[in-house]
Amino acid sequence: MATKHYDVLIIGAGLSGIGMASHLQKECPGKRVGILERRQAIGGTWDLFRYPGIRSDSDMFTFGYQLRPWHELRVLADGPSIRQYVADTAREFGIDKKIRFGTKTTHAAWSSEHKRWTVSAVDEASGEPCTFTCSYLVSCTGYYNHDAGYLPRFPGVERFKGQCIHPQFWPEKLDYRGKRVVVIGSGATAVTLVPSMAQDTTHITMLQRSPSYVFSLPSRDRISELLQRVLPKRWVFGLARRRNLLVARLIYKASKRWPAQIRRLLLAGVRKQVGQDYDMSHFSPDYKPWDQRLCAVPDGDLFKAIRAGRASVVTGHIETFTENGIRLKSGQELQADIIVTATGLQIQSFGGMALSVDGKVCAINELMTYKGVLLQDVPNMGWIFGYINASWTLKVDMAAAYICRLLKHMDSQGHEVVTARAPQGQVQDESIVAALQSGYAQRGSAMLPRQGKGVPWRILHSPEKDQVMLLKDPVDDGALEFGTTATAAAGTGLRGRQLDASLSS
């Protein structure tokens, strides 16, 4: 198969990849853009996960793209709706025609001599190898392994006679009507599954080792519904986006500044939902708000299922699986026909693709990121990683817009190569998700890029500061080396200035 060349090659056609390509289509229409996608459909996460009730855990007005806002009144949309929204966005921008499906990328190698990336891949249907080259590479593969979820080693699991299922690989025709179900977990997946399945099961139990913060919010935006009667739809949803972003940021900042007070408010909200006689230990975490992501439930659906007696929450440690369910260390036994292990994800960078520069393997977990978008010492490569404390897509939009700014700057100045260079002594022994205490973040921390002491080498997870840093500050800020490929990739020791004087402005 002949090698195909692109100006910009994007890896991944999920939420991030389609967002990146949409910005390129608008800001850099002259670029030849290609997208490699391993799956056979657009959507990434939203195409992979098919468990009952799957939905966003961020409000859709900030989760939607800035270039194509979400124009529905549902606050937390279901998975199929989000998948359709991403696909419709790709079609509207003409991106769907640029995607090569069923293509698994295995290795990306930068050559200083040829001034380009060579991406090795495999056509998964035929097993045939294929090769692509590009001047600029952008990884939009998310942060977890699509081939395997996280599954602890549960004692006695082989004894269980029922079905054991991980949400990442939900059976298409699973019949749980009239069954007893135990869901192991307390995160966003578990609090979504339980109320959704409770409508059809005999009983469903959420078994958690420790509680999470869970709060209820309206399923529909009534304010926007009223405003639509007197204002244009574009204005209404623009206002909703700004309002929800402001509220979310206030809650996050207040949680960090006044954790005890926010904890009381969150627990009071739960108490109001479950009633005065309920054992609040099941919803009282031993960590501060926003040390892990908060779990949102629309219209209190989880609490309604508990009040109705269709669902229950048990907090304890598993001693062993039995033939008919699970026995806890407390001696309590939970009977089950189906056990769902909503135990989390396995973090993975670049979709498992290896990376090298001039034959030298890049150890991603030893590198920092520049403004959370470029990789230290890796020429002509962008990396899209959304927010861990706000809607993922807010950062996708800003990162994509920044890459477009960078490419246009390079074109205007005649530069072919850009490399982010950090001064000595910047790197810290903490990952970019160190602020989260979630299990998946702690397990995968060692596999992710490092944090630096300060900006632009430290990811702030702050939309307000990122907006200035990515969209307003000068592109050429002294931390980027522009010039010929040979000098940019060689790491000559020059820092904070352009190397190709003949191309400088």
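Everything that follows concerns the structure shown earlier in this document.
First things first, this report covers the structure right here in the doc. (Residues numbered from 1 in each chain as written. Predicted model: local features only at pLDDT ≥ 70, side-chain atom pairs only at ≥ 80, totals over all residues. Heavy atoms only, no water.)

Some remarks on the state of the cysteines
This is how the line gets drawn: For this text, the term disulfide refers to a pair of cysteine sulfurs within 2.5 Å.
By the definition in use, this model includes 0 disulfides. The thiol sulfur of Cys28 is not disulfide-bonded, and the nearest other cysteine sulfur, from Cys404, lies at 4.3 Å. For the unlinked cysteine Cys362, the closest cysteine sulfur is that of Cys134, found at 14 Å.

Side note on the side chain of Thr205
Stated precisely, the cut-off is as follows: Secondary structure follows DSSP: runs of H or I at least 4 residues long count as helices, runs of E at least 2 residues long count as strands, and numbering of each begins at the N terminus. Each residue is assigned to one of three classes by its accessible area relative to the maximum for its type, calculated with a 1.4 Å probe on protein chains only: buried under 20%, partly exposed between the two thresholds, exposed over 50%. Counted as a polar contact is a pair of N or O atoms within 3.5 Å, where, for protein atoms, one must be capable of donating a hydrogen and the other of accepting one, and residues adjacent in sequence contribute only when both atoms are in side chains. Any pair of residues with heavy atoms lying within 4.5 Å of one another is described as a contacting pair.
Within the secondary structure, Thr205 is located in strand 9 (residues 203-208). Residue Thr205 is classed as buried on the basis of its relative accessible area, which comes to 9%. Within polar-contact distance, the side chain of Thr205 engages the side chain of Ser312 at 3.4 Å. Not counting residues up to four positions away in its chain, the partners in contact with Thr205 are Val181, Val182, Val183, Ser312, Val314 and Leu334.

A word on the pairing of strand 13 (residues 318-322)
Stated formally: The pairing criterion is simple: DSSP has to find at least two bridges between the two strands.
Across the 5 residues that make up strand 13, a large majority, 4, are buried. Looking at chain direction, strand 13 and strand 14 (residues 325-328) are connected through 4 bridges and run antiparallel. Each residue of the ladder has a partner; that of Ile318, found in strand 14, is Leu328. Connecting strand 13 to the next strand, strand 14, in antiparallel fashion are 2 residues.

Topic: the sheet that holds strand 8 (residues 180-184)
To be explicit about the condition: Angles here are taken between N-to-C directions and fall from 0 to 180 degrees, while the axes themselves are lines fitted to C-alpha atoms, restricted in helices to the stretch in contact.
Spatially, 7-16-8-9-12 is the arrangement adopted by the 5 strands of the open sheet, whose pairing is parallel. Edge positions in the sheet fall to strand 7 (163-165) and strand 12 (311-315), since each of these pairs with one other strand and no more. On average, each strand axis in the sheet is inclined to that of its neighbour by 20°, with strand direction left out of account. Pairing analysis gives 3 bridges linking strand 7 to strand 16 (residues 338-341), with the strands arranged parallel. If you follow Gln163 over to strand 16, its bridge partner there is Ile338. Packed onto the sheet, helix 5 (residues 188-198) meets strand 8, strand 9, strand 12 and strand 16 and runs at close to 170° relative to strand 9.

Quick word on the environment of Ile326
With respect to the element layout, Ile326 can be found in strand 14. Each C-alpha atom of the pair Ile326 and Gln168 lies 21 Å from the other, and the pair is 158 residues apart in sequence.

Some words on the sheet that holds strand 13
Sheet architecture is open: 3 strands sit in the order 13-14-15, paired in antiparallel fashion. Strands with a single pairing partner mark the edges of an open sheet, and in this sheet they are strand 13 and strand 15 (333-335). Taking the axes of each pair of neighbouring strands and ignoring which way they run, one obtains an average angle of 20° across the sheet.

Quick look at the layout of surface pockets
Filter applied, for reference: Only protein atoms enter the 1 Å grid used here, on which a cavity is any set of points holding a 1.4 Å probe that cannot leave and a pocket is any open set flanked by protein within 12 Å on both sides along at least five of seven lines; residues with an atom within 4 Å of a point are listed as lining. Grid points are joined across faces, edges and corners, and a volume is the space filled by probe spheres set on the points. As a working rule, the residues Ala, Val, Leu, Ile, Met, Phe, Trp, Tyr, Cys and Pro are called nonpolar, Asp, Glu, Lys and Arg charged, and the rest polar, with Gly in that last group.
As a volume, the second largest pocket reaches approximately 680 Å³. Around the second largest pocket, the lining is made up of 29 residues, and of these Asp59, Phe215, Leu217, Val247 and Ala248 lie nearest the centre. Listed by contribution, the elements that provide at least two residues to the lining of the second largest pocket are strand 10 (214-217), helix 6 (222-227) and helix 7 (233-257). Of the residues forming the lining of the second largest pocket, the biggest block, 7 residues, is contributed by helix 7. Counted by class, the lining of the second largest pocket contains 15 nonpolar, 6 polar and 8 charged residues.

What about the nonpolar core?
Threshold: Definition of nonpolar core: a set of buried residues of the types Ala, Val, Leu, Ile, Met, Phe, Trp, Tyr and Cys, connected through side-chain atoms within 4.5 Å.
With 145 residues, the main nonpolar core has Ile10, Met20, Trp117, Leu355 and Leu406 as its most contacted residues. It is helix 10 (residues 392-413) that contributes the most residues to this core, 12 residues altogether. Counting 13 residues, the second-largest nonpolar core is a separate cluster that includes Phe160, Leu207, Phe321 and Leu334.

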